[in-house]
Amino acid sequence: MQAIEEIGITSWRETAPRMAEALEIGKVVLAPRLHFELPEPERRFLSPACLDGKSKNVSYRPATGALGGASPDADRAALTAMLKRYFERTSALLEALCPEYCGKLSPGFTSFRPAEIAGRATSWRKDDTRLHVDAFPSRPLRGLRIIRVFSNVNPAAPRMWRVGDAFENVARTFLPKIAKASPVSAWLLHILRITKTRRTPYDHLMLGIHDAMKADERYQRECPQVSIAIPPGATWMCFTDSVPHAAMSGQFALEQTFYLPVEAMRDPSRSPLRILERLTGKALLT
Ligand SMILES: [Fe+2]
């Protein structure tokens, strides 16, 4: 498996050839020398003490400037400034690396992840040490792609990831195990405001694949996969809705989510939406 595309860039505005192509075919693009520098006053945030005790991340919403998950005792203005800077850097990075996506990406949350992953108690469904593709229970994406950029800001330790099989193979394995979508339950979830918009058949299948992968212990052990140690200071990115990934250990990472319409891809036929429509023979955004 050739899961990783390593690039030597050292600045957030540097270009590299064919990055959108690499991302779309399902690679993790790794830039070991692209560092998100933390000036001395920000290094105090390298501690789980900046969390509110309930959340696993501090989150920032670029559209409104709202900060969530932070301890009331933390310097919220400084945390907001750090996350805003990460949003600006990663926006510039994607503009430089994927010029074909310019003007078509919309930002999701920015997050800072100061807690150690290994040993964290959680339910199997929320356990991100199990290989999964990203799908959100409360936010139907209606086919939108998810690109996530991450930086390991731990000065001393790597972040350990596993990367799994091609999306089409994953879909072929798990589609037969997913219960049929119920239009009534999609309507109820929306009326009860459990989902922000109505859950489409596409979102139902993506959530089903997410859950079925995580629940299958044997698949987790035996499926094609590679382990990667992301070194201190490195930045990496992938389409997390199609690249199966698991975060095994590590502490102190930043992450920026972007959304991309399927039609803005170089090749929309590589999207989970089009792959699932081909495999099921159905239109999935009804
Ligand atoms: Fe994930």
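Residues numbered from 1 in each chain as written. Predicted model: local features only at pLDDT ≥ 70, side-chain atom pairs only at ≥ 80, totals over all residues. Heavy atoms only, no water.

Before going further, it helps to examine the overall build of the protein. Each helix and strand counted, the protein has seven helices and 11 strands in total. In terms of overall dimensions, the protein is globule-like: its C-alpha atoms have a radius of gyration of 18 Å, near the 19 Å expected for 286 residues. Structurally, the protein occupies a C-alpha span of about 55 × 45 × 40 Å along its principal axes. Taken over 286 residues, the protein has a buried fraction of 51%. Put simply, 84% of the contacts in the protein that link residues at least 6 apart link residues at least 24 apart. (Helix = DSSP H or I, 4+ residues; strand = E, 2+ residues; numbered from the N terminus. Rg over C-alpha atoms; globule rule 2.2 N^0.38 Å. Buried < 20%, exposed > 50% of the residue type's maximum accessible area, 1.4 Å probe, protein only. Contact = heavy atoms within 4.5 Å.)

Look at helix H3 (residues 167–174) against helix H7 (residues 272–280): their axes get within 10 Å of each other, and the N-to-C directions meet at 45°. With respect to their mutual orientation, H3 and H7 come out oblique. Crossing geometry of H3 relative to H7 is assigned as right-handed. Every residue of H7 that contacts H3 at Phe167, Glu168, Ala171 and Arg172 is listed here: Pro272, Ile275, Leu276, Arg278 and Leu279. Of the residues assigned to the contact of H3 with H7, the class counts are six nonpolar, no polar and three charged. (Axes fitted to C-alpha atoms, helices over the stretch in contact; angles between N-to-C directions. Parallel < 35°, antiparallel > 145°, perpendicular 65-115°, else oblique. Left-handed = near helix turned anticlockwise from the far one by under 90°. Nonpolar A, V, L, I, M, F, W, Y, C, P; charged D, E, K, R; others polar.)

Okay, the packing of aromatic side chains next. Think of a pair of aromatic rings as described by two things: how far the centres are apart, and how the planes are tilted against each other in angle. Using the criterion set out here, one finds seven aromatic pairs in the structure. Geometrically, the ring pair formed by Phe150 and Trp161 is edge-to-face, given 5.2 Å between the ring centres and 75° between the ring planes. Residue Phe150 is found in strand E6 (residues 145–152), and its partner Trp161 is found in strand E7 (residues 159–163); the two are separated by 11 residues along the sequence. Trp161 carries the same exposure label as Phe150, and that label is buried. Judged by centre distance (4.8 Å) and plane angle (80°), the rings of Phe174 and Tyr219 are edge-to-face. Taken as a pair, Phe174 in helix H3 and Tyr219 in helix H6 (residues 217–222) lie far apart in primary sequence, 45 residues in all. Taking the relative accessible area as the measure of exposure, Phe174 reaches 0% and is therefore buried. Using a relative accessible area of 13% as the deciding quantity, one classes Tyr219 as buried. Geometry around Phe239 places Arg145 over its ring, the cationic atom sitting 4.1 Å from the centre. (Phe/Tyr/Trp six-rings, centres within 6.5 Å; stacked < 30°, edge-to-face > 60°. Lys NZ or Arg CZ within 6 Å of the ring centre and 35° of its normal.)

Moving on: the pattern of salt bridges. Taken as a whole and judged by the stated rule, the model has 24 salt bridges. The salt bridge involving Asp211 is made with Arg125; its shortest N-O contact spans 3.0 Å. Of this pair, Asp211 sits in helix H5 (residues 201–215) while Arg125 sits in the loop between strand E5 (106–113) and E6, and the two are 86 residues apart along the sequence. For Arg125, a relative accessible area of 43% gives the class partly exposed. A salt bridge links Arg130 to Glu217; the nearest nitrogen and oxygen atoms lie 3.5 Å apart. Placement of the pair is Arg130 in the loop between E5 and E6 and Glu217 in helix H6, with a sequence separation of 87 residues. Overlapping salt bridges bring together Glu21, Glu24, Glu100, Arg266, Asp267 and Arg270 as one network. (Salt bridge = Lys/Arg side-chain N within 4 Å of Asp/Glu carboxyl O.)

This next bit is on the sheet that holds strand E8 (residues 226–230). Pairing in this open sheet of three strands is antiparallel, and the strands run E8-E7-E10 from one edge to the other. For this open sheet the edge positions go to E8 and strand E10 (245–249), each flanked by a neighbour on one side alone. When strand polarity is set aside, the average angle formed by the axes of neighbouring strands in this sheet is 25°. Across four bridges, the pairing between E7 and E10 is antiparallel. The residue of E10 that forms the bridge with Trp161 is Ala247. (Pairing = 2+ DSSP bridges.)

Taken by themselves, the reported measurements are silent on function.
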